[in-house]
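So you can see what is in the structure, the chains are spelled out below.
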Amino acid sequence: MEKKDVASEINEMVELMQTLGERDVLPSSKMEIVMNDISKEEYYTFDLGNPWYTGQFVSTIKNIAVKINDHNVDPEKVYFTLRGQRIQAETANTFFELWWGMGELAQLQIKKDSIDQYIQKTDNKLEITMGMRSAMSYGLPGNIIKYQFKNTMEVI
Amino acid sequence: MKLGVSLYSYGADLHSRKMTVYDAIEHAAKIGCDGVEIVAEQHVPNWGNPNYADVKALGKFIESLGMEVANFSCYLLDFLRTDRRQSMEELKERAIQEIMLASIIGAKVTRPIYMNLTDVKGGDLNTSSTKEDLIEIISHCLPTLEEYDITWALEIHAPFPPQYYNEIIKALDSPHVGLMPDFSCWQTGGLPSEYQSNEISTFVDLLPYVVHVHGKGHEFNENGEEPNTPYKELLGALKDANYQGYVVAEYEGWWMNYKDSKTMVEKHFRLLEKYGR
C-alpha cells in the first residue's frame, strides 16, 4: 500500500476527531433558567459534554463562542461550570489543574439579561464553536481541533 | 499468553455516558477476559490529581472479578498549559507519579506515552519531543520502576515505524523497559490511524522486547475476522515465541461511528481467543 501524504492524513485525523467530538455533546434540547446562589443573578444553563476522546484539563479549551438565534453572545457573559465550579469561559484556558472527564457534562451558562431580547420560549437556534488543544501533539494544525455544536433549544 | 480488553474499546458508550467504567469492567469479566487495560485519562476520576482511594477501588474491583490490571496506560502531556510547554523536570515528576499510581491500581506494566507526531510528519520540530527526551525521562524513573517492580512499555503505534524505539530499548537495557506494539502498524486498508502497513517480520523482530500488545481493531466481518489486520499471523508469531504477557483488544471503530460497545468488544475478544488461546 502506498504511504498516505501527510496533508491528507492530517485532514482525516481532524475530521475523525470532529466526528466523534460533535456526536454526543449537546445531550438535551432544554435550556434552564438557573439563579446563582452567590451572585443572585440568573443564567440560561444547558449541559455540554466533553468532546475530546479522553478527559482533558480545562486549560485545553482555547475558546468557546456562542451564538443564539444568529446573535453573537458577548464572551464575557458566558460561563463554564464543572462540578459546581464556575469560571468565565474566556478564562478556561488558564485552568490546567481542573480535569474535565471523558464525556463528562459541564454546564454552559449565559447571563440571562444579556440575551433575553433574543430568546423565545421554543425553537432557539443554538450554535457553539469551541476550539480544543491537544495536550499531546498529533501534528494537527496549531495543535487545535475546532468543533461546532448545534441544537434547537427550548427554555424550561 | 494472557488475553484481555482495553477499556478504551468501550469508548463510544463512555463518551456518550451510556456506560460507566465499572459497567465496562463487569462486561470484560463476563466475556472471559484475564485482565483489562485502564487508560487513566479516560477511566480514572479526576485524573491529573486523582483520589488514591478511587484508584485503589478500581483495582480492587477488577481483582474481585478474577481479573488483573493488564496495563495502566497514561499520557505524559506536554501541552497541558496554554502559556508554555511542560518542562523536563515537570515531565519527570509526572512520570514518577504515574508509575506510583500504576502500582496503587495493581498494574505491572504502565504506558506513559510521550510522543510528538511531528517527529514522523515533519513540521515544527522545535516543539517535537525527541528520543533523547524519553531516554532522559525513563532513566530518571528507573529506580522507581525497580522499586515498584513496574515495566515502562513504549507503545509503537502507526505511523511510527516498528523499529522506532529500538535504540531506546538498547540504550536503557533494563528489564523494566519494554515494547508495546499496537497492531495499527500492520493494518492495511487505509484506515484513519494507518499510514503504511509493515511486514510481519518487523513484528517478529520486536518480540524479545515485547511486554504488552494492543490488538487494534476497527471492524469485524461475518466470520469474526478483522479484515484490515492479520490477526492469525500476529497472534501466531506471539504463540510461536511463547509470549507470556497480555494481548488486549483495543477496538477503535468507535471513533468513526457509534456501535454498541459490548457487542463490538465481545466480537473482538472472540477473535483474540480464536488465534491466541
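Residues numbered from 1 in each chain as written. Chains lettered and ligands numbered in written order. Predicted model: local features only at pLDDT ≥ 70, side-chain atom pairs only at ≥ 80, totals over all residues. Heavy atoms only, no water.

Participant: What's the story with the overall build of chain B in this structure? I'm lost.
Facilitator: Scanning chain B from terminus to terminus reveals eleven helices and eight strands. The C-alpha radius of gyration computed for chain B amounts to 18 Å, which stays within 12% of the reference 19 Å derived for 277 residues, consistent with globular compactness. With the C-alpha coordinates aligned to their principal axes, the bounding extent of chain B is approximately 50 × 45 × 35 Å. Across the 277 residues that make up chain B, the buried fraction comes to 61%. Within chain B, contacts between residues separated by at least 24 positions form 78% of all contacts whose residues are at least 6 apart in sequence. When the accessible surface of chain B is totalled, it reaches about 10400 Å², and 49% of it is carbon and sulfur. (Helix = DSSP H or I, 4+ residues; strand = E, 2+ residues; numbered from the N terminus. Rg over C-alpha atoms; globule rule 2.2 N^0.38 Å. Buried < 20%, exposed > 50% of the residue type's maximum accessible area, 1.4 Å probe, protein only. Contact = heavy atoms within 4.5 Å. Areas by Shrake-Rupley, 256 points an atom, 1.4 Å probe, with all protein chains shown as cover.)

Participant: So what exactly am I meant to see when it comes to the overall build of chain A here?
Facilitator: When helices and strands are counted, chain A shows two helices and eleven strands. Scanning chain A from its N terminus toward the C terminus, one meets helices and strands in the order α-β-β-β-β-β-β-β-β-β-α-β-β. At 17 Å, chain A has a C-alpha radius of gyration in line with the 15 Å of a compact globule built from 156 residues. Sorting the 156 residues of chain A into buried and exposed places 53% on the buried side. Residue pairs at least 24 apart in sequence account for 73% of intrachain contacts in chain A once pairs closer than 6 positions are excluded. When the accessible surface of chain A is totalled, it reaches about 7000 Å², and 46% of it is carbon and sulfur. Where the 17 positive side-chain charges of chain A centre and where its 23 negative ones centre are 1 Å apart. (Lys, Arg positive; Asp, Glu negative; His and termini not counted. Charge placed at Lys NZ, Arg CZ, Asp CG, Glu CD.)

Participant: Looking at this model, I keep getting lost on the pairing of strand E8 (residues 246-251) of chain B. Mind explaining?
Facilitator: In regular strands, side chains alternate between the two faces of the sheet. Residue and element names in this part refer to chain B. The buried fraction of E8 is high, at six of six residues. Where strand E1 (residues 2-6) lies against E8, four bridges are found, and the strand directions are parallel. Across the sheet, the residue bridging to valine 5 is alanine 249, located in E8. One ladder, built from six bridges, connects strand E7 (residues 212-217) with E8; its direction is parallel. Bridge assignment links glycine 217 to a residue of E8, and that residue is tyrosine 251. Crossover connection from E7 via helix H10 (residues 231-240) to parallel E8: handedness right-handed. (Pairing = 2+ DSSP bridges. Right-handed = clockwise from strand over helix to strand, strands pointing away.)

Participant: When you look at the interface of chain A and chain B in this model, what are you seeing that I'm missing?
Facilitator: Accessible area lost upon the coming together of the parts serves often as the stated size of an interface. Taken together, the contact between chain A and chain B spans 42 residues of the former and 39 residues of the latter. Note on chain A versus chain B: buried area summed over both sides is about 3700 Å², and carbon and sulfur give 61% of it. Where chain A touches chain B, the interface holds zero salt bridges. Linking chain A with chain B are 19 residue pairs in polar contact (both at pLDDT 80 or more). Ranked by residue count, the leading element in the side of chain A that touches chain B is helix H1 (residues 6-21) of chain A, at ten residues. Class assignment of the residues belonging to the side of chain A that touches chain B gives a composition of 19 nonpolar, 13 polar and ten charged. (Buried area = accessible area lost by both parts, 1.4 Å probe. Salt bridge = Lys/Arg side-chain N within 4 Å of Asp/Glu carboxyl O. Polar contact = N/O pair within 3.5 Å; in protein donor to acceptor, adjacent residues only side chain to side chain. Nonpolar A, V, L, I, M, F, W, Y, C, P; charged D, E, K, R; others polar.)

Participant: What am I meant to see in the sheet that holds strand E10 (residues 124-133) of chain A here?
Facilitator: Picture the strands of a sheet paired through backbone hydrogen bonds; they go either parallel or antiparallel. All names here are of chain A. Spatially, E5-E4-E10-E11-E1-E2-E9-E6-E7 is the arrangement adopted by the nine strands of the open sheet, whose pairing is mixed. The open sheet has two edge strands with one neighbour each: strand E5 (71-72) and strand E7 (85-88). Note that strand E2 (residues 42-49) and strand E9 (residues 105-111) share seven bridges and pair antiparallel. Considered in E9, the bridge of tyrosine 44 is made with isoleucine 110.

Participant: Looking at this structure, I do not really get the sheet that holds strand E3 (residues 68-75) of chain B. What am I missing?
Facilitator: Residues and elements named next belong to chain B. Pairing in this open sheet of eight strands is parallel, and the strands run E6-E5-E4-E3-E2-E1-E8-E7 from one edge to the other. Strands with a single pairing partner mark the edges of an open sheet, and in this sheet they are strand E6 (177-181) and E7. Taking the axes of each pair of neighbouring strands and ignoring which way they run, one obtains an average angle of 30° across the sheet. Bridge analysis of strand E4 (residues 109-113) against strand E5 (residues 151-156) gives two bridges, and the strand direction is parallel. (Axes fitted to C-alpha atoms, helices over the stretch in contact; angles between N-to-C directions.)

Participant: How should the pairing of strand E1 (residues 30-35) of chain A be read in this particular structure?
Facilitator: Residues and elements named next belong to chain A. Two strands pair when backbone bridges link them, and E1 and strand E11 (residues 144-155) are joined in this way by two bridges, in the parallel orientation. Looking at E11, one finds that lysine 30 is bridged to glutamate 154. From the end of E1 to the start of E2, which pair antiparallel, there are six residues, and lysine 40 there has a positive phi angle of about 60°.

Participant: Sorry if this is basic, but what is going on with the environment of aspartate 78 of chain B here?
Facilitator: Relative to the helices and strands, aspartate 78 of chain B is located in the loop between E3 and helix H5 (88-105). Considering only alpha carbons, one finds aspartate 78 of chain B and asparagine 116 of chain B, 38 residues apart in sequence, at a separation of 9.6 Å. Setting aside residues up to four positions removed in sequence, aspartate 78 of chain B forms contacts with Ala135 and Met136 of chain A together with Arg85, Gln86, Leu91 and Tyr114 of chain B.

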